[in-house]
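# Residue-level structural notes
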Amino acid sequence: MGQIATGALSLRRYHYEQVDASSPYRPGANYFQKKHIDWKALIPLVTTRTQLEANLGTPTSGNGNIFVYETPNEKLHVWYGAGKSLGADVCCWKVPNEMLFKFEWVPKRVVPLAEMNIDLAAFQKQKAPEMVNDYYYYNDNEGMTITTRIVEGEEVLLSIERGPNSAQRERSCRKKNC
């Protein structure tokens, strides 16, 4: 694909990027991925970085094992392997560097929780102690946490975080003392 005028958008490898007519393509330049990130297709300890980047392209930012993929409407924070520990987690995870360990998907617009079509029957709802109008929905079987906020009487989505599920924890969790 050839160069196009400064500031114009070109479609290359399924993501959008800002292109400067006088410069060759530079990974990490100011650009967005394709129009939609399918977070439901991302499976911790199964999805690889190669698979994710085949769909989304190069991350918009990040280094080490933490990267960000961004579209005009959403942002995806991804943690890849390398022996990650989940804060107070009692596990010592031995995960290959290129394996998706966990992610957080954040919409950039107000999204009513009901619009997400997520069956919340399998989730436990808890009031977030640190915030007045925030709630957490937990589902250990899916390794998922949904964070919401009540805004003007409506529950809106703040983020969806997904890490290893209970079955993956059973198979892959080594107690600390790594």
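This text gives an overview of the structure that appears in the document. If you're wondering where the values come from, they're calculated on a predicted model, not measured in any experiment.

### Describing the sheet that holds strand E10 (residues 134–139)
Within the open sheet, the eight strands sit side by side as E4-E5-E6-E8-E12-E11-E10-E9. Their pairing is antiparallel. Edge strands, defined here as strands with exactly one partner in the open sheet, are strand E4 (61–63) and strand E9 (124–127). Adjacent strand axes in the sheet meet at a mean angle of 20 degrees, parallel and antiparallel pairs treated alike. The pairing of E9 with E10 spans four bridges and is classified as antiparallel. If you follow Gln 126 over to E10, its bridge partner there is Tyr 136.

### A look at the packing of aromatic side chains
Tallied over the full model, the rule gives three aromatic pairs. Between Trp 39 and Trp 105, the ring centres sit 6.1 Å apart and the planes meet at 35 degrees, which makes this aromatic pair tilted. With Trp 39 in the loop between strand E3 (31–33) and helix H1 (49–56) and Trp 105 in strand E8 (residues 100–107), this pair connects stretches of sequence that are 66 residues apart. Per residue, the accessibility class of Trp 39 equals that of Trp 105, and both read buried. For the cation-ring pair, Lys 127 lies above Tyr 135, with the distance from its terminal atom to the ring centre recorded as 5.4 Å.

Rules behind the numbers
- Residues numbered from 1 in each chain as written.
- Predicted model: local features only at pLDDT ≥ 70, side-chain atom pairs only at ≥ 80, totals over all residues.
- Heavy atoms only, no water.
- Pairing = 2+ DSSP bridges.
- Helix = DSSP H or I, 4+ residues; strand = E, 2+ residues; numbered from the N terminus.
- Axes fitted to C-alpha atoms, helices over the stretch in contact; angles between N-to-C directions.
- Phe/Tyr/Trp six-rings, centres within 6.5 Å; stacked < 30°, edge-to-face > 60°.
- Buried < 20%, exposed > 50% of the residue type's maximum accessible area, 1.4 Å probe, protein only.
- Lys NZ or Arg CZ within 6 Å of the ring centre and 35° of its normal.

Keep in mind these values describe shape, not function.
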